[in-house]
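Observations on chain architecture
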2 protein chains.
Amino acid sequence: MERGSGVAMWRQIEDRMKEDIVSGNWKPGDRLPTESELADRFGVNRHTLRRALSALRDDGLVRIEQGRGTFVQDDVIDYAVRRRTRFSENISNLGRQPSGEVVRAGPIAADAQAASALEIRRGQKVVLLELLAFVDGRPFSVAAHQFPQTRFRGLEKAYRQTGSITKALRHFGVDDYFRKLSRVSARLPEPDDARLLNMARAQPILYTESVNVDRDGKPIEYCIGRYAGHRMQLVFEL
Amino acid sequence: MERGSGVAMWRQIEDRMKEDIVSGNWKPGDRLPTESELADRFGVNRHTLRRALSALRDDGLVRIEQGRGTFVQDDVIDYAVRRRTRFSENISNLGRQPSGEVVRAGPIAADAQAASALEIRRGQKVVLLELLAFVDGRPFSVAAHQFPQTRFRGLEKAYRQTGSITKALRHFGVDDYFRKLSRVSARLPEPDDARLLNMARAQPILYTESVNVDRDGKPIEYCIGRYAGHRMQLVFEL
DNA sequence: ACGTATTTGTTCGTATGTATC
DNA sequence: GGATACATACGAACAAATACG
């Protein structure tokens, strides 16, 4: 690290920081020190430091968020959506650690969309199971799973016992189920979702509605999922 | 519209407003009068009016935004993605008018992603065809289509003559092709894309990468698509 | 960057009619 | 009739998000 070496200071800084990241010294999702602090540390003006940060951003190594800080870019997760889509299986296959926690659970009245997807009447009761899913301990998605209550009364308890929707469904005689449909759009997150996903409100999310059916093609689950856009891609193989 | 009729005031209001919307008296995107004004107009308390609005929102007829107002919900375009996905066909099937214009065209060098998708080497030439697509005259998507130049040299000219990728590909002996893969994520638009799509920079887009193959399973097209998130949903039927 | 006005969101409290046990 | 629960309706005040100068 030297001035007048023929190599611009910001390039030297870029290289140093790149090492810290690829070596794992700074881990994906970590917040870097503030620009001022880094500038002090490297003994340069904040402008110079920002030039290095921009270069790192262009390389996809960091993500700069106004008002929040600079973060080591998470490696993007390719979440495969197929006819048989299971969260835990999917994440495990990538060599990563899936986990989840319950945000909200209990019976609610179906709104128009849920009713239409589940082929029931609006206002009929559905079992809501809102789950926050993690990959390697980092929040990945929030999903409101809804099941018709006539068939799945008490499913939330079965989930709490087993920690898995697939297993909970077996208690109700559903030994296999399939993704019939996925609708995908892009939105800005609700404040609650932004908090749960630990992301800035100005960062977009993927918003999905999906319908799962049983062997007979009967809809059993309607799910509204919200995914932190910069952490993942949905992959559809057709 | 009467009190003591056995039908709750808020339900009567809901029905009246629903008529105004479905009849086209209020059009998609229109801002409704404020809650206070509507409450005055119907001669009820603001609470009562809000109840009617909630019902309309649950039916997907209006969208309520704090601090801004209540808006008649724009009709969202469900863009179906299947193995055989053709833009014009898709939009026509919805009873809407597809059109398109060329933003940019010509040979460029393949970057890492394009090369990997098309199974060529990085730096090899691809034919770029960047198209802005419209639905009913409103901008819908920007898509950078890329074809290996060894096989499709001059495809941009064939497109300009025929106005259709499907037809242009026929000039090169490709009489049918299929969507193999779609990767979907959510992003904020580049300034250029925001301008082309006529949307705010803070509004998210759907960002897709897709690969089309010919009958033999050979990749012929790699496409980066950007869609105005609030105007459409991608629908995957599996 | 800041204040002001506008608009929706939320939470108190109060009152009335209806159905049920 | 009395007690209770529930949906409906109104009023006032304040909180939160947004638009605009």
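Look above for the structure.
Fair warning: this is a prediction, and the values are worked out from it, not measured in the lab.

How big an interface is tends to be stated in terms of the accessible area lost upon association of its parts. With 30 residues of chain A in contact, the opposing surface of chain B contributes 31 residues. Between chain A and chain B, roughly 2,400 Å² of surface is buried when both sides are summed, and carbon and sulfur atoms account for 60% of that area. Inspection of the chain A/chain B interface yields one salt bridge. Summed over the shared surface of chain A and chain B, the number is nine residue pairs in polar contact (both at pLDDT 80 or more). Broken down by secondary-structure element, the contributors of at least two residues to the side of chain A that touches chain B are strand E3 (77-81), helix H5 (112-118), strand E7 (177-187), strand E8 (205-214) and strand E10 (232-237) of chain A. It is E7(A) that provides the largest number of residues to the side of chain A that touches chain B, a total of nine residues. Pairing geometry for E10(A) and strand E7 (residues 177-187) of chain B, over four bridges, is antiparallel.

The subject of this paragraph is the protein's contact with DNA strand C. All names here are of chain B. As a matter of local geometry, DNA strand C sits amid Arg31, Thr34, Glu35, Arg46, His47, Arg50, Ile64, Glu65, Gln66, Gly67, Gly69 and Thr70. Each atom of DNA strand C within 4 Å of the protein was assigned to sugar, phosphate or base; sugar and phosphate come to 65%. In the environment of DNA strand C, a sugar or linking oxygen lies 3.5 Å from a nitrogen or oxygen atom belonging to the side chain of Gln66. The contact in question runs from a sugar or linking oxygen of DNA strand C to an N or O atom on the backbone of Gly67, over 3.4 Å. The leading source of residues in the surface near DNA strand C is helix H3 (residues 46-58), at three residues. Class assignment of the residues belonging to the surface near DNA strand C gives a composition of one nonpolar, six polar and five charged.

Turning our eyes to something else, we now look at the protein's contact with DNA strand D. Residue and element names in this part refer to chain B. Around DNA strand D, 13 residues are found, and the nearest of them are Arg3, Met9, His47, Thr48 and Arg51. The sugar and phosphate moieties of DNA strand D supply 69% of its atoms located within 4 Å of the protein. Contacts to DNA strand D include Thr48, whose side-chain N or O atom sits 2.7 Å from a phosphate oxygen. A distance of 3.1 Å is found between a base nitrogen of DNA strand D and a side-chain nitrogen or oxygen belonging to Gln66.

This model, assessed by the stated rule, comprises 15 aromatic pairs over all chains. When the ring of A:Tyr79 is compared with that of A:Tyr227, the centres are 6.1 Å apart and the planes differ by 45 degrees; the resulting orientation is tilted. A residue pair is termed long-range when its members are at least 10 positions apart, and A:Tyr79 in strand E3 and A:Tyr227 in strand E9 (residues 219-228) qualify at 148 residues. Residue A:Tyr227 is classed as buried on the basis of its relative accessible area, which comes to 11%. Three or more aromatic residues link up through ring pairs in this structure, and these residues are A:Tyr79, A:Phe87, A:Phe140 and A:Tyr227. Lying over the aromatic face of B:Tyr177, B:Arg86 brings its terminal NZ or CZ to 3.7 Å of the ring centre. Above the ring of B:Tyr207, the side-chain terminus of B:Arg187 is found at 3.6 Å from the ring centroid.

Time to look at the pairing of E3(A). All names here are of chain A. Among the five residues in E3, four count as buried, and that is most of the element. Two strands pair when backbone bridges link them, and E3 and E10 are joined in this way by five bridges, in the parallel orientation. Bridge assignment links Asp78 to a residue of E10, and that residue is Gln233.

Once that is clear, we can look at the sheet that holds E8(A). Taken together, the eight strands give an open sheet; going across it, the order is E4(A)-E5(A)-E6(A)-E9(A)-E8(A)-E7(A)-E10(B)-E3(B), and neighbouring strands pair in mixed fashion. Lying at the two open borders of the sheet, with one neighbouring strand each, are strand E4 (98-109) of chain A together with strand E3 (77-81) of chain B. Each adjacent strand pair in this sheet contributes to an overall mean axis angle of 20 degrees, direction not counted. Examined bridge by bridge, E4(A) and strand E5 (residues 125-135) of chain A share eleven bridges and lie antiparallel to one another. Looking across to E5(A), one finds that A:Pro107 is bridged to A:Val127.

As a further point, take empty space enclosed by the protein. Throughout the structure, instances matching the rule amount to two cavities of 30 Å³ or more. In this structure, the largest cavity is lined by A:Asp74, A:Asp75, A:Ile77, A:Arg96, A:Val135, A:Asp136, A:Arg138, A:Pro139, A:Phe140 and A:Arg231. Per-element accounting of the lining of the largest cavity gives the leading share, three residues, to strand E6 (residues 138-148) of chain A. In terms of residue class, the lining of the largest cavity is built from four nonpolar, no polar and six charged. Its volume calculated, the second largest cavity comes out at about 50 Å³. Considering the residues around the second largest cavity, the lining is formed by B:Tyr79, B:Val81, B:Arg179, B:Ser182, B:Val184, B:Thr208, B:Tyr227, B:Leu234 and B:Phe236. Looking at the lining of the second largest cavity, the elements that each hand over two or more residues are E3, E7 and strand E10 (232-237) of chain B. Of all the elements, E7(B) adds the most residues to the lining of the second largest cavity, at three residues. Broken down by class, the residue content of the lining of the second largest cavity amounts to six nonpolar, two polar and one charged.

The rules behind the values
- Residues numbered from 1 in each chain as written.
- Chains lettered and ligands numbered in written order.
- Predicted model: local features only at pLDDT ≥ 70, side-chain atom pairs only at ≥ 80, totals over all residues.
- Heavy atoms only, no water.
- Contact = heavy atoms within 4.5 Å.
- Buried area = accessible area lost by both parts, 1.4 Å probe.
- Salt bridge = Lys/Arg side-chain N within 4 Å of Asp/Glu carboxyl O.
- Polar contact = N/O pair within 3.5 Å; in protein donor to acceptor, adjacent residues only side chain to side chain.
- Helix = DSSP H or I, 4+ residues; strand = E, 2+ residues; numbered from the N terminus.
- Pairing = 2+ DSSP bridges.
- Near = heavy atom within 4 Å.
- Nonpolar A, V, L, I, M, F, W, Y, C, P; charged D, E, K, R; others polar.
- Phe/Tyr/Trp six-rings, centres within 6.5 Å; stacked < 30°, edge-to-face > 60°.
- Buried < 20%, exposed > 50% of the residue type's maximum accessible area, 1.4 Å probe, protein only.
- Lys NZ or Arg CZ within 6 Å of the ring centre and 35° of its normal.
- Axes fitted to C-alpha atoms, helices over the stretch in contact; angles between N-to-C directions.
- 1 Å grid on protein atoms, 1.4 Å probe; cavity = no way out; pocket = protein on both sides within 12 Å on 5 of 7 lines; lining within 4 Å.
- Points joined across faces, edges and corners; volume = space filled by probe spheres on them.

In short, geometric facts, not functional conclusions.
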